[in-house]
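A closer look at the structure
Next come the chains, spelled out residue by residue.
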2 protein chains.
Amino acid sequence: MAAYEQMSNEELLTLKQDLEARFQEVKRKGYKLDMSRGKPSAAQLDLAMKMMDVLNSETDLKCKEGIDCRNYGVLDGIKEAKELLADMTEVPAENIIIFGNSSLNIMFDTISRCMTHGVLGSTPWCKLDKVKFLCPVPGYDRHFAITEYFGIEMINVPMTVEGPDMDMVERLVREDESVKGIWCVPKYSNPQGITYSDETVRRFARLQPAAPDFRIFWDNAYGIHHLYEDKQDNLIEILMECERAGNPDMVFKFCSTSKVSFPGSGVAAIAASKANLAEIKRYMTIQTIGHDKLNQLRHVRFFKDIHGMVEHMKKHADILRPKFEAVLQGLETELGGLEIGSWIKPRGGYFISFDAMEGCAKAIVAKAKEAGLVMTDAGATYPYGKDPKDSNIRIAPSYPTQEELSIATDIFVLSVKLVSIDKILADRRA
Amino acid sequence: MAAYEQMSNEELLTLKQDLEARFQEVKRKGYKLDMSRGKPSAAQLDLAMKMMDVLNSETDLKCKEGIDCRNYGVLDGIKEAKELLADMTEVPAENIIIFGNSSLNIMFDTISRCMTHGVLGSTPWCKLDKVKFLCPVPGYDRHFAITEYFGIEMINVPMTVEGPDMDMVERLVREDESVKGIWCVPKYSNPQGITYSDETVRRFARLQPAAPDFRIFWDNAYGIHHLYEDKQDNLIEILMECERAGNPDMVFKFCSTSKVSFPGSGVAAIAASKANLAEIKRYMTIQTIGHDKLNQLRHVRFFKDIHGMVEHMKKHADILRPKFEAVLQGLETELGGLEIGSWIKPRGGYFISFDAMEGCAKAIVAKAKEAGLVMTDAGATYPYGKDPKDSNIRIAPSYPTQEELSIATDIFVLSVKLVSIDKILADRRA
């Protein structure tokens, strides 16, 4: 098809009439569809149902080290859980601490601790006039919500196909001592599905921050969440890379099994240098009696080891892949060549990122909602919910069924087309 | 027996020789005994083993409200878990939020939030020059560790048989705006097993703090942890009492099932006014994806309701009661009338509090350790680990077997006697 911009006003108005009629037809069906959240489907959860059986009243509930997992004790995770999650996130087991059910919770607590106690002896951030964080955009709204909650000023850093704009990151980190951290989803990034290139990771490891308490918040949320067996992105392991570069303490790495076993009933972990872990343990000793060891044991007994986990992730991929492909196919068929939007085809993760014409994202999301399709709020992928170009929309294909997804994609592309025509016509009038 | 103070130096020295011989004899056995922690025994944990069976791969994992507990969603706890823990802590279900596995973690997070964000709009505590907490003593070392960690100045308030010295509490709270909170274990207190009297609770509810952001941290850790069916302490419910007194927002109440089901794999909760809960939820939305709903469901399906829980606690009592009685009997038989120590006979909770002669606690704990008995560090029941009289020792009878407990009690009383004789002789020399 011809690009919309190449069409005359009359052609566009005729097209609009036709599209609007189709939109009204869909709207009349009263659908209730949701592509807003990176939430596994019921079929994916069913994959781990047998995990509910591995511990029962007849089971030996002692972990490898002989500790009764039913009782108090073990602050930083049972040995076998450390081994499993260390393998999952590609670090030595001695560099990991197991937490509760939510890696977001660890990130929040980490920032909170930086605020009240600083980092390895630095001034507590709450005592500073200004604390800034770099935020690769588009990015994960819940990251931005944490830094916003603590009054940390967020600076947008544009994403490229290789990861964040590293020229900008290097400069800001080097020149501004109030820049204390950066949020990263380095593999199959949220929402674009971009994996940081080798060079990007190496430049991260070699950063020369003005602030000694600068930390990279490396949220490896989708480390093993591939869509394809034969086409997988590869990410250099950052902890080791930082150590090699002489910056061993510069990174906190996070992971969880939320999208491996059960969201909300998984196991989360932080990986970091020994100095960082020692500080975290001093804090944990005060904060908690220790996390749920029975759930750690349940995970290890179910997955056995990283190979078991990798096999399990293939089953997730088998469910997710056709969903991603359906949406991507719909975008390609309906929007290809129209020059009213662009998107990236991810090889893993949970999202497809769509960039509409400038100034159209909010209107598209609103239009889709009219026909019963809930999308992530436009702007959510930017700090403070403000997408300066009002362009980015996050598509989450995981939760709806295949059938729902096909209708949802129809509604979405119709909304994109209608809003884009209005935009083009308005621009021409102006 | 005669009080040691009434005996002559010669009598004491003869007695000491005999006791020392017995001590050496016990020491030679090379025991490894532990009365240091309020940790349930394996027999107590066995009581809840069937909880491991209530959820399995055939179970419907939807909660009452129809939500799939395996997936994301539900920030503040599933309805039936709220009902169960609300009944457990005697508040309406609308006044409770379910958290993770550790009430200590909720208390820590609450203080942390007060530091960074204040309370209901007040100045964040980290921005104030001075923040003080009142600490009824003897008390719980982990409470004191939290306030110490955040640099909050702790003020000792002596316990009486009715609870904290309320004249002192009222005065300090009224006169000093920097007093922002007080730690309370109001029922079967740690370590004394004292339950606050009706009058004490009412005076708490009627406090007139200078600081509008003053909060009572009401850790109802042992609310249903009775030792006897026929002799139970009764505690007035503080939330309702505060509301009646026109101070609805003045209290945070905490509870958990750590010593009901499994320590570390239980469910914890906070109860508070609606205004306080609204603020907590705003914070939780940022902090976490929500807590483990499957474990909440597991608890509810196992206990069914508060009646099931109460029945379950009777089984705990049947195991704990003889242990408490063995220690108390040992103290009475061996130390009764000697006037070298005093103790309170608790009706519930996890501890017996022993007050040695002034200046003797550290030496007694060290002496016991010589013979292989680990006690809680002397001083631990006071802020900063400093018992000004070096007198209080916390005895935790729950974890050892009945047989171990009898030997442990022997070692303890021998240690008390030997250290006390030395102390009396030294005082006479001085």
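Everything numeric here is computed off the predicted structure, so don't read it as measured data.

1. Points about the overall build of chain A
Looking only at helices and strands, chain A has 13 helices and 13 strands in total. Rg of the C-alpha trace for chain A: 23 Å, near the compact-globule value of 22 Å for 430 residues, within the 12% margin. If one aligns the C-alpha atoms of chain A with their principal axes, the spans along those axes are about 75 × 55 × 35 Å. When contacts within chain A are restricted to residue pairs at least 6 apart in sequence, long-range pairs at least 24 apart make up 76% of them. Surface exposure of chain A reaches about 16,200 Å², of which carbon and sulfur atoms provide 48%. Both charge centroids of chain A, one from 54 positive and one from 62 negative side chains, sit 3 Å from each other.

2. Observations regarding the domain arrangement of chain A
Residues and elements named next belong to chain A. Per the domain assignment, the segments of chain A are domain 1 (4-44 + 310-429) and domain 2 (61-303). With centres defined by C-alpha atoms, the gap from domain 1 to domain 2 works out at 31 Å. Taken residue by residue, the interface counts 29 residues in domain 1 and 33 residues in domain 2. With both sides pooled, the region where domain 1 packs onto domain 2 buries about 2,800 Å², and carbon together with sulfur makes up 61% of that total. When the buried area of domain 1 at its contact with domain 2 is split by residue, Met313, Arg347 and Tyr384 rank highest and sum to 25% of it. Inspection of the region where domain 1 meets domain 2 yields 2 salt bridges. Our count for the contact surface shared by domain 1 and domain 2 stands at 13 residue pairs in polar contact (both at pLDDT 80 or more). Those elements giving two or more residues to the side of domain 1 that touches domain 2 turn out to be α11 (306-335), β11 (352-356) and β13 (392-395). The dominant element in the side of domain 1 that touches domain 2, judged by the number of residues it contributes, is α11, at 9 residues. Each residue belonging to the side of domain 1 that touches domain 2 can be placed in one class, and the counts come to 15 nonpolar, 8 polar and 6 charged.

3. Focus on the relation of the copies chain B and chain A
Taken as rigid bodies, chain B and chain A are interconverted by a rotation of 180° and an axial shift of 0.0 Å, the fit giving an RMSD of 0.0 Å. A rotation of that kind, with that shift, is consistent with a two-fold axis.

4. Some points on the packing of aromatic side chains
Per the counting criterion, the structure on display carries 38 aromatic pairs over all chains. These aromatic residues form a ring-pair network of at least three members: Trp125, Phe133, Trp183, Phe217, Phe252 and Phe254 of chain A. The ring of tyrosine 283 of chain A has arginine 113 of chain A lying over it, and the distance from NZ or CZ to the ring centre is 4.7 Å. The ring of tyrosine 228 of chain B is capped by lysine 231 of chain B, whose NZ or CZ atom sits 4.1 Å from the centre of that ring.

5. Topic: the interface of chain B and chain A
At the interface, 59 residues of chain B touch 59 residues of chain A. Three residues stand out in chain B for area buried against chain A, namely Arg70, Tyr72 and Tyr149 of chain B, and they jointly supply 16% of the buried area on that side. Viewed at the interface, chain A and chain B are joined by 24 residue pairs in polar contact (both at pLDDT 80 or more). Mapped by element, the contributors of at least two residues to the side of chain B that touches chain A are α2 (42-46), α4 (103-117), α5 (141-149), α9 (274-287) and α10 (293-303) of chain B. For the side of chain B that touches chain A, the per-class residue count stands at 24 nonpolar, 20 polar and 15 charged.

6. Quick look at the layout of surface pockets
In this model, the largest pocket occupies a volume close to 700 Å³. Around the largest pocket, the lining is made up of 36 residues, and of these Arg37, Tyr140, Asp141, Arg142 and Arg394 of chain B lie nearest the centre. For the lining of the largest pocket, the secondary-structure elements that each account for two or more residues are α9 (274-287) of chain A together with α4, α5 and β8 (251-256) of chain B. Top contributing element to the lining of the largest pocket by residue count: α5 of chain B, with 5 residues.

7. Digging into the environment of lysine 27 of chain A
Residue and element names in this part refer to chain A. Looking at where lysine 27 falls in the secondary structure, it is placed in helix α1 (residues 9-28). As for lysine 27 and lysine 259, which are separated by 232 residues in sequence, their C-alpha atoms are 32 Å apart. Ignoring any residue separated from it by four or fewer positions in sequence, one finds lysine 27 in contact with Glu370 and Ala371. A distance of 3.2 Å separates the side chain of lysine 27 from the side chain of glutamate 370, its partner in a polar contact.

8. Some details on the pattern of salt bridges
Residues and elements named next belong to chain A. Applying the stated criterion to the full structure yields 54 salt bridges over all chains. Aspartate 68 is paired through a salt bridge with arginine 70; the nearest N and O atoms lie 2.9 Å apart. Each member of the pair, aspartate 68 as well as arginine 70, carries the same accessibility label: buried. Put simply, Glu20, Lys27, Lys367 and Glu370 are held in one network by salt bridges that share partners.

9. What about the pairing of β13 of chain A?
Residues and elements named next belong to chain A. The two faces of β13 match: Asn392 and Arg394 on one face and Ile393 and Ile395 on the other face are all buried. Both β11 and β13 contribute to a ladder of 4 bridges, which runs antiparallel. Within β13, the residue paired with phenylalanine 354 across the bridge is isoleucine 393.

10. Some details on empty space enclosed by the protein
Applying the stated criterion across every chain, the model contains 9 cavities of 30 Å³ or more. Quantified by volume, the largest cavity comes out at close to 390 Å³. Every residue lining the largest cavity is counted, 28 residues in all, and those nearest its centre are Gly100, Asn101 and His291 of chain A together with Gly100 and Asn101 of chain B. Elements with a minimum of two residues in the lining of the largest cavity: α4 (103-117) and α10 (293-303) of chain A together with α4 and α10 of chain B.

Thresholds, definitions, all that
Residues numbered from 1 in each chain as written. Chains lettered and ligands numbered in written order. Predicted model: local features only at pLDDT ≥ 70, side-chain atom pairs only at ≥ 80, totals over all residues. Heavy atoms only, no water. Helix = DSSP H or I, 4+ residues; strand = E, 2+ residues; numbered from the N terminus. Rg over C-alpha atoms; globule rule 2.2 N^0.38 Å. Contact = heavy atoms within 4.5 Å. Areas by Shrake-Rupley, 256 points an atom, 1.4 Å probe, with all protein chains shown as cover. Lys, Arg positive; Asp, Glu negative; His and termini not counted. Charge placed at Lys NZ, Arg CZ, Asp CG, Glu CD. Domains from an automatic or database assignment. Buried area = accessible area lost by both parts, 1.4 Å probe. Salt bridge = Lys/Arg side-chain N within 4 Å of Asp/Glu carboxyl O. Polar contact = N/O pair within 3.5 Å; in protein donor to acceptor, adjacent residues only side chain to side chain. Nonpolar A, V, L, I, M, F, W, Y, C, P; charged D, E, K, R; others polar. Least-squares fit on C-alpha atoms with pLDDT ≥ 70 in both. Phe/Tyr/Trp six-rings, centres within 6.5 Å; stacked < 30°, edge-to-face > 60°. Lys NZ or Arg CZ within 6 Å of the ring centre and 35° of its normal. 1 Å grid on protein atoms, 1.4 Å probe; cavity = no way out; pocket = protein on both sides within 12 Å on 5 of 7 lines; lining within 4 Å. Points joined across faces, edges and corners; volume = space filled by probe spheres on them. Buried < 20%, exposed > 50% of the residue type's maximum accessible area, 1.4 Å probe, protein only. Pairing = 2+ DSSP bridges.

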